[in-house]
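Results of the structural survey
Okay, here's what each chain looks like letter by letter:
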Amino acid sequence: MAAFHLEMKVNGELVAVDIDPGMRLLDVLREVLHLTGTKEGCGEGECGACSVILDGELVDSCLVMAPQAYGKEVVTIEGVAALGQLHPLQEAFIEAGAVQCGFCTPGMILAAKVLLDHNPNPDRQEIARAISGNLCRCTGYSKIIKAVEIAASRIKAEAGAASD
Amino acid sequence: MIEKNIVGQSVPKVDAFGKVTGQTRYAADLDIAGALHLKVLRSKVAHGLVKKIDTSRALKIPGVTAVFTHADIPGSNSYGIIVKDQPVLTNKVRFKGDAIALVAAEEESIAVKALDAIAVEIEELPPLFDIQAAMAAGAPAIHDNGNVLTVTKIKRGNVEAALDQAAAVVSRRYTTQRVEHGYIETEAGIAYMENDMLIIKAGTQNPHYDRRDAARVLGLPINKVRVIQTATGGGFGGKLDISVQCFLGLAALKLGRPVKIVYDRQESFVATAKRHPFIVDYTSVAAADGRLLAVKARIFGDTGAYASYGPATLTRAAVHATGPYEVPNVDLEAFCVYTNNSFSGAMRGFGTPQIAFVFESQMDLLARELKMSPLEIRRRNVLRPGSITATGQELTSSVGIAKTLEAAWARALEVMPGLGGDCR
């Protein structure tokens, strides 16, 4: 099979790789780029462990063929912390005890990030809906929702402080 | 300096930073140069004798390094947490999904291809999919010693005599279903030789037991095997059993090359333990004032093809069969039964959730029978300091159920005003 020349932006960096066109975006991230923060839980779009942000939208990277990402911008969990500084969501997940086994955590944080990027002031129902495609078997979700609330209020406070 | 007073304080989870940044390496994230990929050929039938395994076609596929079968196990081909009844690679199939052959190949896709090229001849035996069929006289034996693995009996007082004084007797049959743990991380691991030392790194809840069983099946002294637990993405009891550990050890030891295996979700569902499905025949006997006089129960747990934690699960179910209630006369028997279903093992509570569903349902039915509130009948029966349990233990302190019951009721009234009405 002829290789596919994939060019995309991953966590702000331009990436150009020649790949088997049958690969999933998940495989390219994990096996070619060694970004193993993105997890495979089911391989069929049920669990959300492989969630990444593709051009601003949350996708299951196991359901995206790698060539579909051509020319697009991908954000993985490795790209969420900026310059060694944790994102408010990452801080809040630690603080609120929203991390247990941690396997769903990268996808969960990315799902929450997409929510807050579009809606800085979500209510509990909107948070629950935003993470409804991401399964967690440890926490029972309540601490995850709490973490997103904490992060939202902090981001708002920071934005308020910046505009003063 | 180490903070001395940790109890009562909220402290950040020690490994949370790596987990929120994606840096934590789980088993499937481990890369090892030159690793061969392993895949397991699993049975498509539930019960049968393996007559012949022809690996010659698979071995001719370029990139296939080796195919192992039961004949290649260097030590005792049996492991298990309580009973050593599960083979690494089997010559007798006991459930749909039993492991028959292990392929090692340069690429995962080649290993998958090789699975289809292995020819297995199986002489099918009648499969036993339910407990009654497995316990029936003349049922084919799934293991050499028959299909009833363990019987736990707890007897106290005289149940028959209590029946004579009964104001209410409730007898019901309950059934509960099989449950998959559904941890988000599927089973995975790597293994390699470090001089003459076998190193196995895997997601597990039980590295010490894994080590013991891996050494046993590989015929190695235990000090030549190291099992290192990687960050584990959920277990809930389902990662207490051997899954990938012996496959990894076998291939690394035989081939002298690093190896890697990752179960996909389907294999994780098919090949690993479930919560035991129960059938419970339960009789509760009470006096007119609601006090329990006796409980008689026959508990049957479907442990499937292999024991795993079955004996412990059924013992727990028997020990907890009277719940948090004082019962002077008990006649309890719990049977751990082999069937040709996927094997059952540990899952949060070890048989207690199943039996809790039963004894609490019974309390509600008894209350209805005696025209008493479900709360009141529990108040009159809960264990207190001085109570003697079904197993004869006198409780002297720290018996919180009565207080918990009242607190739960107070809270229920707070969030659902008007609940229960006069019936309290």
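Each chain has its residues counted from 1, following the order in which its sequence is written. Lettering for chains starts from A, numbering for ligands starts from 1, and both go in the order in which the items are written. Owing to the predicted nature of the model, reporting of local features is limited to residues with pLDDT of at least 70; listing and counting of side-chain atom pairs is limited to 80 or more, with chain, interface and lining totals taken over all residues. With hydrogens and water excluded, all non-hydrogen atoms of the structure serve as input to the side-chain values.

Some thoughts on the overall build of chain A
What chain A contains, in helices and strands, is 5 helices and 5 strands. Secondary structure is summarised from DSSP: a helix means a run of H or I of at least four residues, a strand means a run of E of at least two, and numbering begins at the N terminus for each. Reading the secondary structure of chain A in the N-to-C direction produces β-β-α-β-β-β-α-α-α-α. Radius of gyration: over C-alpha atoms. The globule rule applied is 2.2 Å multiplied by the number of residues raised to the 0.38 power. Its C-alpha atoms give chain A a radius of gyration of 16 Å, near enough to 15 Å, the size a compact globule of 164 residues would have. Counting only C-alpha atoms and orienting by the principal axes, one finds that chain A spans roughly 50 × 40 × 25 Å. Taking all 164 residues of chain A together, 50% fall into the buried category. For chain A, the proportion of contacts with a sequence separation of at least 24, taken over those separated by at least 6, is 55%. Each residue is placed in one exposure class: buried if its accessible area under a 1.4 Å probe, protein chains only, is under 20% of its type's maximum, exposed if it is over 50%, and partly exposed if it falls in between. Residue contacts are counted whenever heavy atoms from the two residues lie within 4.5 Å of one another.

What to know about the environment of B:M193
Residue and element names in this part refer to chain B. Relative to the assigned elements, M193 resides in strand β9 (residues 188-194). Since its relative accessible area comes to 26%, M193 is described here as partly exposed. Spatially, the C-alpha atoms of M193 and A252 are 6.6 Å apart, while their sequence positions differ by 59 residues. Each residue touching M193, except ones within four places of it in the same chain, is listed here: L198, A252, L253 and G256.

What to know about the domain arrangement of chain A
Residues and elements named next belong to chain A. When the domains of chain A are assigned, the result is domain 1 (4-79) and domain 2 (88-163). Taken over C-alpha atoms, the centre of domain 1 sits 22 Å from the centre of domain 2. Taken together, the 17 residues of domain 1 in the interface contact 13 residues of domain 2. Buried area: the accessible area, evaluated with a 1.4 Å probe, that two parts lose upon being put together, summed over both parts. With both chains or domains summed, domain 1 and domain 2 bury close to 1200 Å², and 67% of this area falls on carbon and sulfur atoms. It is I53, L58 and I77 that lose the most area in domain 1 upon contact with domain 2, and together they represent 39% of the buried surface on that side. Counting of polar contacts relies on pairs of N or O atoms within 3.5 Å, with two restrictions inside protein: one atom must be capable of donating a hydrogen and the other of accepting it, and residues adjacent in sequence are counted only when both atoms are side-chain atoms. Inspection of the domain 1/domain 2 interface yields 3 residue pairs in polar contact (both at pLDDT 80 or more). Examining the composition of the side of domain 1 that touches domain 2, we find that 3 residues originate from one element, strand β3 (residues 51-54), more than from any other. As used throughout, domain bounds are those supplied by an automatic or database domain assignment.

Quick notes on the sheet that holds strand β4 (residues 92-93) of chain B
Spatial ordering of the open sheet is given by β4-β2-β6 (chain B), a layout of 3 strands whose pairing is antiparallel. One side of each edge strand has no neighbouring strand; the edge strands of this open sheet are β4 and β6 (119-124) of chain B. Strands were regarded as paired on the criterion that DSSP finds at least two bridges between them.

Focus on the nonpolar core
Think of a nonpolar core as a cluster: buried Ala, Val, Leu, Ile, Met, Phe, Trp, Tyr and Cys residues, connected wherever their side-chain atoms sit within 4.5 Å. Core analysis: the biggest nonpolar cluster contains 43 residues, and A:L89, A:F93 and A:V148 have the highest contact counts within it. Breaking this core down by element, the ones donating at least two residues are α2 (88-95), α3 (105-118) and α5 (142-163) of chain A together with α1 (16-21) of chain B. For this core, the element with the most residues is α3(A), which contributes 8 residues. Residues contacting A:F93, with those up to four places away along its chain left out, are A:A98, A:V99, A:T105, A:M108, A:I109, A:I144, A:A147, A:V148 and B:V20.

Quick notes on unusual backbone geometry
Despite not being glycine, A:H34 has its phi angle at roughly 55 degrees, a positive value. Its place among the elements puts A:H34 in the loop between α1 (25-32) and β3. Residue classification places A:H34 among the partly exposed positions, given a relative accessible area of 44%. Although it is not a glycine, B:F350 adopts a positive phi angle of roughly 50 degrees. Considering the arrangement of structural elements, one finds B:F350 in the loop between β15 (329-338) and α10 (352-369).

Some remarks on the domain arrangement of chain B
By convention, interface size is frequently given as the accessible area that disappears when the constituent parts associate. Residue and element names in this part refer to chain B. Under the domain assignment used here, chain B contains domain 1 (16-124 + 184-271) and domain 2 (132-179 + 274-415). Using C-alpha coordinates to define each centre, domain 1 is positioned 37 Å away from domain 2. At the interface, 24 residues of domain 1 touch 22 residues of domain 2. For the domain 1 face of the interface with domain 2, the top three residues by lost area are D85, R94 and F236, together amounting to 29%. Taken together, the connections running from domain 1 to domain 2 amount to 14 residue pairs in polar contact (both at pLDDT 80 or more). Counting residues per element, the side of domain 1 that touches domain 2 draws most heavily on helix α8 (residues 265-271), at 4 residues. The residue makeup of the side of domain 1 that touches domain 2, split by class, is 11 nonpolar, 7 polar and 6 charged. Note that Gly is not counted as nonpolar here; it falls among the polar residues with everything else outside the nonpolar set of Ala, Val, Leu, Ile, Met, Phe, Trp, Tyr, Cys and Pro and the charged set of Asp, Glu, Lys and Arg.

Here we look at the interface of chain A and chain B
Tallying the contact residues gives 27 residues for chain A and 26 residues for chain B. Here chain A and chain B share an interface that buries about 2000 Å² over both sides, 59% of which is from carbon and sulfur atoms. Broken down residue by residue, the surface that chain A buries against chain B is led by A:I94, A:F103 and A:R137, which jointly contribute 29%. Should a side-chain nitrogen of Lys or Arg be within 4 Å of a carboxyl oxygen of Asp or Glu, the pair is scored as a salt bridge. Counting every contact that joins chain A to chain B gives 2 salt bridges. At the surface where chain A touches chain B, the tally comes to 14 residue pairs in polar contact (both at pLDDT 80 or more). Put simply, the parts of the chain that give the side of chain A that touches chain B at least two residues each are α2 and α3 of chain A. Here the residues of the side of chain A that touches chain B are counted per class, giving 14 nonpolar, 8 polar and 5 charged.

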